[in-house]
Amino acid sequence: MRRTASHHRCFSCYVVHLLASSTDRTTGLQTQTTGMMSQLDPPQPSPKWTHTAEELLELVECAVVASRRVEDRIAALKHNECDFESVFLALAHAEARRTTIIEPLTFLQNVSPSQALRDAASKAQGIIDNFKIESSMRIDVFRAKQSAQENTKRLGTSLTSEEQRLVDKMMLDGSRAGLALSDNEREKVTKLKKELAQTCAEFNNNCNEERGVISFTREELEGVPEDVISGYSKRSQNGAEIYDVTFQWLDITPLLKFAENPETRRVAYCGFENRLAVNAPVMSRILALRRRIATILGYPTWADYVTEVKMAKTAKGVEKFLADTNRELRPIGLKDLETLRALKQKDHNEKGLPFDGEFWAWDHQYYERKYLEDSLILNEEQVKEYFPVSFVVPAILKIYRELLGVSFIEAEGETWHPDVQLYELWDKDASEASDFLGYFYLDIFPREAKYPQAAVWPILPGYNKPDGSRSYPVAVMVASLAKSTPDKPALMHHADVVTFFHEMGHLFHELLSQTRFSRFHGTTVAGDFMEAPSQMLENWCYEPKVLKRTSSHYQTGKSLSNELIEKIIKSRYVNVGLFYLIQVSWSMFDLRVHASQETLDYTKLWNELRESTALLKGSNLGAGQGALRALTGDYDVGLYGYLYSLVFAADMYATVFKDDPLDPARGALYRDKVLRPGSSKDEMGLLIDFLGREPNSEAFARQLFG
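The following paragraphs examine the structure supplied in this document. (Residues numbered from 1 in each chain as written. Predicted model: local features only at pLDDT ≥ 70, side-chain atom pairs only at ≥ 80, totals over all residues. Heavy atoms only, no water.)

**Considerations on unusual backbone geometry**
The phi torsion at K313 lies on the positive side, around 75 degrees, for a residue other than glycine. Position of K313 relative to the elements: it lies in the loop between α12 (302-307) and α13 (315-351). Positive phi, close to 50 degrees, is recorded for I377, a residue that is not glycine. (Helix = DSSP H or I, 4+ residues; strand = E, 2+ residues; numbered from the N terminus.)

**What about the pattern of salt bridges?**
Where charged atoms from two side chains of opposite charge approach closely, those side chains can pair. By the definition in use, this model includes 48 salt bridges. Between R549 and E402 there is a salt bridge, with its nearest N and O atoms 3.1 Å apart. In this pair, R549 is assigned in helix α19 (residues 544-550) and E402 in helix α16 (residues 389-404), connecting sequence segments 147 residues apart. R549 sits in the partly exposed class, given a relative accessible area of 30%. Across the salt bridge formed by K450 and D443, the nearest N and O atoms sit 3.2 Å from each other. The same class applies to K450 as to D443, namely buried. (Salt bridge = Lys/Arg side-chain N within 4 Å of Asp/Glu carboxyl O. Buried < 20%, exposed > 50% of the residue type's maximum accessible area, 1.4 Å probe, protein only.)

**What to know about the packing of helix α7 (residues 183-208) against helix α11 (residues 280-297)**
Where α7 contacts α11, the two axes come as close as 9 Å, and the packing angle between them is 155 degrees. With respect to their mutual orientation, α7 and α11 come out roughly antiparallel. Crossing hand, α7 versus α11: left-handed. In this structure, α7 uses E185, K188, V189, L192, K193, E195, L196, T199, C200, E202, F203 and N206 to contact α11, whose residues at the interface are V282, M283, R285, I286, L289, R290, R292, I293, I296 and L297. In terms of residue class, the contact of α7 with α11 is built from 12 nonpolar, 2 polar and 8 charged. (Axes fitted to C-alpha atoms, helices over the stretch in contact; angles between N-to-C directions. Parallel < 35°, antiparallel > 145°, perpendicular 65-115°, else oblique. Left-handed = near helix turned anticlockwise from the far one by under 90°. Contact = heavy atoms within 4.5 Å. Nonpolar A, V, L, I, M, F, W, Y, C, P; charged D, E, K, R; others polar.)

**So, the environment of V224**
Considering the arrangement of structural elements, one finds V224 in the loop between β3 (213-217) and α8 (226-229). As for V224 and K257, which are separated by 33 residues in sequence, their C-alpha atoms are 8.0 Å apart. Sequence-distant contacts of V224, that is, excluding residues within four places in its chain, are made with I229, Y232, L255, F258 and A259.

**A few points about the sheet that holds strand β4 (residues 233-237)**
The strands that make up a sheet are held in pairs by hydrogen bonds between backbone atoms, and each pair lies either parallel or antiparallel. Read across the open sheet, the 3 strands follow the order β3-β5-β4; overall the sheet is antiparallel. Each edge of the open sheet is held by one strand with a lone partner, namely β3 and β4. Going from strand to strand, the sheet's axes swing by 35 degrees on average, the running direction of each strand aside. With 5 bridges connecting them, β3 and strand β5 (residues 240-246) associate as antiparallel partners. (Pairing = 2+ DSSP bridges.)

**So, helix α20 (residues 562-571)**
Residues of α20 that are buried: L564, I565, K567, I568 and S571. Across the axial projection of α20, the buried residues extend over an arc of 160 degrees, all falling on one side. Exposed residues pointing more than 90 degrees away from the buried face of α20 are listed as N562 and E563. Those residues of α20 hidden inside the fold are in contact with α14 (364-375), α15 (380-383), α17 (494-512) and α19. (Arc of directions from axis to C-beta.)

If you want it as structure tokens, here you go:
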């Protein structure tokens, strides 16, 4: 998942090695350098992270004031003074300057160990959200844009393709904001947008501060691996030992996969579903505000408003895509369901437990895991012994280094937490400062008050400054991928390896994009294409040569055997119907709540879709939608994009990489045609450039159904 600073699993304090060559004695991290590169100084310092809460808010206020002054100056221009440079270019530079100040500061709400800084960053987010809303509704600035566009055309001013795209996008911003409305209607929209931003912030803050636990006795946890239980907090209650399980993925997922007692799994599942029930009424307010805004702007629904600028183009298009996908997957899902239900019946008979003929939502992960063990003789707990964090992370980074033609150097600099690592990114065989590409941070160790899942934040975009020099990108990968235990180092499940590979794809999309304007940098592409590059890269995790390179048993050092590799590859499509139907159900919820013109019972809809679409029994299990943080960020009417972009991902992989996924020449083509343009080119044009033709769904169909 790629996230913006405005708004899948876990490591411990186990030492991470990175690549080969020189070892830092303090952290144990290895970095790859060349003699010449080690003598080069980056042309841009890394960001500062030692601000106080007061300084943070002051910096944000000053940045807003500076941006407002630029807009005031542009608004005061006479008609004949408005042109590309005085209006569009000035606004682009102002946006870039503001972003470089604000994004690192607001990001801290997701990762800072300081409550004061998290609160200040959240407050700062509200300040910048309000400014952006006010800015988007300035009719005087929009009129200056109109004059500049008119004068540019009248004078025959020659614009590059990226400059013309900047003009087009900025003009579209104005029309979508509602600047053609009356003064009274614009004022209503401005007020509603501010209220919406505040309500989304409330939703996200509830997510950030969730600290719930669910408690079990040791007997109730029978079947859960000892290395997992040892990570749970333990206390005494009425003479009995009680284990408190958090709702973090790292704690709750193993319980749902391994707990033998179905009642334990039921209680855990329902607790997990309701961990953010406090957000159910907040989401209702968010959806009501979006309906009102869409109506004033002249759109039938919020879904129509959002999809207008995506590849799908319309809400009807998304609806058809999901209906078609559901129709194709349902027979496969029903077959998967019957297989797992039969396994449940057999299991209950062997244990002397009553069997009610149902397959409940809390049965899914447990019996999927058992099916893998029974059908493929594939034990996840044994497989993860081959994926110690200290080996996997550098191995994956080395693959990216070779594939994309880059080099890393561990750097000294400020961070927001001692466990965070900072790296410089350079072109391979860099010989001068201009070969510098940017900075990235790895925040991959679990801790309290930190964003719990895996995601990449674009902290600073890359762009050209007014003097022609380059401002370089900065990105952060946040994850919590595994915990060490007294007996074992931090070990990753294969699914965690896939997640890490995926997120690193987003990271390099941010770092290797090279656009003139900041608004086109990196992963700013259409939401239903954004995931495609990283989804394509997930295929590497099922390639035998890559599995060999990324595996090393934590005791013996041996890589995965050919037999285990074959089983891992086969496991990719086990129960694939149910897996994707769950995603379809989430996507349908997202679409329906945003396509409705009236209030619905959202908790009821959430539970109904789980049963009718995901095929998992459980009609009243709680307000699971309260945890759908994506719907309050930049993924509203966007969850379908995970499925939609899989079509492009499969085509790109099959067409370009399948024959030799580690070929640096193919990696260079990918870097040049897919990563470098960011959103400065239309997504379909980008795909045609890379594939040599228009994309199609043949590879995806073969992958899924073949």
